[in-house]
Amino acid sequence: MPAINVSATTSRSRECSANGPLERAALAALRAPSLLNTQPWRWRVRDDSAELSADRSRQLTSIDPDGRLLILSCGIALHHATVALAAMGHRPRLTVWPDATAPDLLAVLRTGGPRQPTFADQRAFQAMMARRTDRRPSSPDVCIPGYRLEQLRDEVERHGAHLHLLRPDQVPVLIVAAAHAARIETADPRVRNDLARWTHRPAGHRDGVTAGTVVPQIPRRVPQREFLPNDDAGLAAGDGDDQSANYAILFGDGDEPADWLAAGQALSALLIAATERKISVNPISNVVEVEPTRATLAGLLCQLGHPMIALRLGVAAATPPPPEPRRPPAEVIDT
Ligand SMILES: Cc1cc2nc3c(=O)[nH]c(=O)nc-3n(C[C@H](O)[C@H](O)[C@H](O)COP(=O)(O)O)c2cc1C
């Protein structure tokens, strides 16, 4: 396994030099996925700390009025930074919600002393940098072995959230919920506006969902968010039909900002573990964006928890989808 080199893996989007481990960790965390690739976070890196804040100017107020998916996305970035630190040989030391008077200051990350990176640390880092959202339907003839799904569930549990793997008889409920959420959102001109804005970014903006990662709207087992008209979608759907896909709900014990942040950290751990195991993941968030279908999902959990996001899991295709762009470090990291 080659040595970890954060600067090399992020060099294409670099505009500032990364010196210390905390800055390099923040750089690596640029790869974190986020709702419509809004990348709604900021880092303030000082000698001995990296502060993560929510960037409310990038909140999608129509789709995500409470900011739950914004905070969840920040939780993913936070976990990504800790994975990078561990791979660089530093024990991550984390304080979440350090200042009750500054609710958008989500966490402070420090290094807690040197530690020899393990093979698992390095493998996790490499999976994190290689991970992509895959919207193509899952291949018809391969399915994820049950024990692999259990490993993903364990990973989520280890990070303070839960994963409910839908039984086949529960999938129709998700199908109806996804169709219902899509109808509610499509009828809202503010949502249509936000979707159009984040799928048609002005030249030079390195964010949003680009056509090359969107598949045409073909019949799906569980309806997908409609990002673009068919003629504009640039990723061939392939011959999959989603029949072999698994569906899951990541959920938390509470429904407060602290739970959304923890859910993001757990989702990041799941995404990395899935990538290591050649499992592709497609988040399905419209079902939690609208209240009635969030309640439907809570019903699938027997009201035992609060749904944070739904996921489609499949065996990864041999070729990954193209990467989405990321904002230049100078816009996101204040050093
Ligand atoms: C909170 C959250 C919600 C998301 N919701 C959806 C969704 O409903 N449908 C979808 O296809 N992708 C969804 N995504 C995936 C993002 O669009 C994707 O992460 C982003 O465009 C960056 O691309 P990447 O994951 O390939 O790096 C979501 C991601 C996050 C973190």
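Summary of the structure given here. (Residues numbered from 1 in each chain as written. Predicted model: local features only at pLDDT ≥ 70, side-chain atom pairs only at ≥ 80, totals over all residues. Heavy atoms only, no water.)

## With respect to the overall build of the protein
- Per the secondary structure count, the protein includes 11 helices and 9 strands.
- Computed over C-alpha atoms, the radius of gyration of the protein comes to 19 Å, within 12% of the 20 Å expected from 2.2 N^0.38 for 335 residues, which places it in the range of a compact globule.
- Seen through its principal axes, the protein has C-alpha atoms that stretch 50 × 40 × 40 Å.
- For the protein, the residues scored as buried account for 54% of the 335 residues in total.
- Within the protein, counting contacts between residues at least 6 apart in sequence, those at least 24 apart form 75% of the total. (Helix = DSSP H or I, 4+ residues; strand = E, 2+ residues; numbered from the N terminus. Rg over C-alpha atoms; globule rule 2.2 N^0.38 Å. Buried < 20%, exposed > 50% of the residue type's maximum accessible area, 1.4 Å probe, protein only. Contact = heavy atoms within 4.5 Å.)

## Some details on the site of the ligand
- Residues in contact with the ligand amount to 24 residues; listed here are only the nearest, Arg131, Thr133, Arg135, Ser285 and Arg326.
- Between Pro283 and the ligand, the recorded distance is 3.1 Å, taken from a backbone N or O atom to a nitrogen atom.
- In the environment of the ligand, a nitrogen atom lies 2.8 Å from a nitrogen or oxygen atom belonging to the side chain of Ser285.
- Notes on the ligand: free accessible area 620 Å², of which the protein chains cover 98%. (Near = heavy atom within 4 Å. Polar contact = N/O pair within 3.5 Å; in protein donor to acceptor, adjacent residues only side chain to side chain. Areas by Shrake-Rupley, 256 points an atom, 1.4 Å probe, with all protein chains shown as cover.)

## With respect to the nonpolar core
- Trp43, Leu163, Leu250, Leu267, Leu270, Val287 and Leu313 are the most contacted members of the largest nonpolar core, which has 94 residues in total.
- Two domains each donate at least three residues to this core, and these are domain 1 (6-132 + 324-334) and domain 2 (146-315).
- Each residue touching Leu267, except ones within four places of it in the same chain, is listed here: Leu72, Ile76, Leu250, Ile309 and Leu311. (Core = buried A, V, L, I, M, F, W, Y, C linked by side-chain atoms within 4.5 Å. Domains from an automatic or database assignment.)

## Looking at the packing of helix H3 (residues 68-87) against helix H4 (residues 119-130)
- Close contact between H3 and H4 brings their axes to 8 Å; oriented N to C, the two are set at 135°. One element, H3, and the other, H4, form an angle in the oblique class. Here H3 and H4 pass one another in a crossing that is left-handed. Between H3 and H4, the contacting residues are His80, Val83, Ala84, Ala86 and Ala87 on the first element and Asp121, Ala124, Phe125 and Met128 on the second. (Axes fitted to C-alpha atoms, helices over the stretch in contact; angles between N-to-C directions. Parallel < 35°, antiparallel > 145°, perpendicular 65-115°, else oblique. Left-handed = near helix turned anticlockwise from the far one by under 90°.)

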